[in-house]
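# Summary of structural features
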There are 2 protein chains.
Amino acid sequence: MSGEARPLRADAQRNRTRVLEAAEAVLARDGLSASMRAIAQKAGVGLGTIYRHFPTQEDLYRAIVTDRTRRLAEEAHTLSAAEDPGAAFFAFFTRIVVNAARNKPMADILVGSGVDPKAAMAEGAPDMRSAIETLLVNAQKAGAVRQDLRMPELLALLAGACLVAERNQWSDELRDRALGILFDGLRPNH
Amino acid sequence: MSGEARPLRADAQRNRTRVLEAAEAVLARDGLSASMRAIAQKAGVGLGTIYRHFPTQEDLYRAIVTDRTRRLAEEAHTLSAAEDPGAAFFAFFTRIVVNAARNKPMADILVGSGVDPKAAMAEGAPDMRSAIETLLVNAQKAGAVRQDLRMPELLALLAGACLVAERNQWSDELRDRALGILFDGLRPNH
DNA sequence: GAACATACGGAACAGTTGTTCCGGATGTCA
DNA sequence: TGACATCCGGAACAACTGTTCCGTATGTTC
């Protein structure tokens, strides 16, 4: 119902993207416990400026997380079109974990809309969920993933991998070793 | 060097265990973000009383976490004596995860003495680490666990499982499904 | 039961946090 | 350039946090 919003003033536009960038950096570093003051400082901006653009901390965080999530969901679609189903599935799993290592809040989204109020933060979450589900189903049809694997346990394992990744600074090698073992468990034929 | 400390006054002794019990309960519920006030209230005790017994929040938390850790390490020894190596290994893995679901800080210990200052909290951590290592080596000798599995990735996978367990209230069924898949990855012969 | 060390409770302090508010600066448009 | 809506900065507020302090109460000892 709200018509076309008049374009932002130039400085407002500039500050908005500054805040977004700073928030992304600080969130990546501190996770969901990042403070508004830290973001304001990083952005070289006053506190009021942040609140002018994002009425609430949650609004700001959601803007970022939703964006990340959507981008990942797109990647999933690209992958499932380009590669063979098995490779696409495992590649995307890895992609999410790598992403989580650099974006602390990622894992919290995946644990799902559990008890934690901050967990149900991303509007893009359902998109990503369905993207994952598509990859899973296709990989199973192709025989690259065990038939008895279902979404709940897949998400649980994915979330676990992300949670570890966001806490430790894994070497690439360790990450690959751990994921390799996990992937062996996901494959059929034991 | 400090000689025998005179026994605590009766009420002091009573309050000390009250605090410990309350802290355990609150820590299990709120994790490492539990507040001293919450613990004091749960214990039916003043704030000063807590600080008399535990000079610092970290001291209190460490007392509990260290105790838990030691008990788990003992369990590991018992298991490795009683059961066959493979069963002992997987049983203990499961045991830790179940424990983590009820004791929020557990997982944070396992991620190791990383960046997080609160992670290096438990003095019993090395004990548990070596307990796990023993179980692993024995299970490998018995051929129940793949030979190329080493401690770093094992701890990573274990930590991941614990982190998920402490966040979601898993049904027992989901937990078993997820662990089942993970265990398949840990076994030899693919 | 008196005397004394010990321990208790909770107000008070210092540091966070998210959020609000408003005087003053700044971009925009005639 | 002038006039005005828009936007900015950061002090101030309220609600938290861990921690300190001290008047009071309580257990212990003779």
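Residues numbered from 1 in each chain as written. Chains lettered and ligands numbered in written order. Predicted model: local features only at pLDDT ≥ 70, side-chain atom pairs only at ≥ 80, totals over all residues. Heavy atoms only, no water.

### Quick word on the UniProt feature "DNA-binding region" (unreviewed entry) in chain A
This is how the line gets drawn: UniProt positions are given in the numbering used here, feature names are shortened, and annotations may be inferred rather than shown by experiment. For helices the rule is a DSSP run of H or I covering at least 4 residues; for strands it is a run of E covering at least 2, with both sets numbered from the N terminus onward.
The positions that UniProt labels "DNA-binding region" (unreviewed entry) are, in the present scheme, residues 35–54 of chain A. Here residues 35–54 of chain A runs as 75% helix and 0% strand, with 14 Å between its end C-alpha atoms.

### Examining the pattern of salt bridges
We count it as follows: Any carboxyl oxygen of Asp or Glu that lies within 4 Å of a side-chain nitrogen of Lys or Arg is treated as forming a salt bridge with it. Exposure is judged per residue with a 1.4 Å probe applied to protein chains only, and the accessible area is read against the type maximum: over 50% gives exposed, under 20% gives buried, and values in between give partly exposed.
Taken as a whole and judged by the stated rule, the model has 30 salt bridges over all chains. D148 of chain A is the salt-bridge partner of R146 of chain A, the closest N and O atoms lying 2.8 Å from each other. Overall, the relative accessible area of 12% leaves R146 of chain A in the buried class. Since its relative accessible area comes to 42%, D148 of chain A is described here as partly exposed. Between D59 of chain B and R62 of chain B there is a salt bridge, and its shortest N-O distance comes to 3.0 Å. Remark: R62 of chain B and D59 of chain B occur in helix α4 (residues 57–82); sequence separation between them is three residues, near one turn of the helix. Judged by relative accessible area, D59 of chain B falls into the partly exposed class, the value being 26%. Note on R62 of chain B: relative accessible area 22%, which makes it partly exposed.

### A closer look at the packing of aromatic side chains
All names here are of chain A. Note the following rule: Whether two aromatic rings pair depends on their centres lying within 6.5 Å, for rings of Phe, Tyr and Trp, where Trp uses its six-membered ring; planes under 30 degrees apart make the pair stacked, over 60 edge-to-face, and the rest tilted. As a reminder, the over-ring test applies to NZ of lysine and CZ of arginine, requiring each to be within 6 Å of the ring centre and within 35 degrees of the ring normal.
Applying the stated criterion across every chain yields a total of six aromatic pairs over all chains. Ring geometry for F90 versus F183: centroids 4.7 Å apart, planes at 50°, classification tilted. Note that F90 is positioned in helix α5 (residues 85–102) and F183 in helix α9 (residues 172–186), a separation of 93 residues in sequence. In this pair, the class of F90 matches that of F183, namely buried. By way of ring pairs, the aromatic residues F89, F90, F93 and F183 are connected into one cluster. The cationic tip of R187 hangs over the ring face of F90; the distance from NZ or CZ to the ring centre is 4.9 Å.

### Things to note about the interface of chain A and chain B
Formally: It only takes one pair of heavy atoms within 4.5 Å for two residues to be counted as in contact. Two parts placed together each lose some accessible area; with a 1.4 Å probe, that loss summed over both constitutes the buried area. Pairing of N or O atoms within 3.5 Å defines a polar contact, subject to two protein rules: one partner must be a possible hydrogen donor and the other a possible acceptor, and residues neighboring in sequence count only if both atoms are side-chain atoms. Think of it as three bins: nonpolar holds Ala, Val, Leu, Ile, Met, Phe, Trp, Tyr, Cys and Pro, charged holds Asp, Glu, Lys and Arg, and polar takes everything else, Gly as well.
Across the boundary between the two partners, chain A contributes 26 residues, which contact 26 residues of chain B. Between chain A and chain B the total buried area reaches about 2,400 Å² when both faces are included, carbon and sulfur atoms providing 65% of it. The largest share of the area that chain A buries against chain B comes from R167, R177 and I181 of chain A, three residues that together contribute 25% of it. Put simply, chain A and chain B have four salt bridges between them. Close ionic contact of E153 of chain A with R177 of chain B constitutes a salt bridge, the shortest N to O distance being 2.8 Å. At the boundary of chain A and chain B, one finds six residue pairs in polar contact (both at pLDDT 80 or more). The residue makeup of the side of chain A that touches chain B, split by class, is 14 nonpolar, four polar and eight charged.

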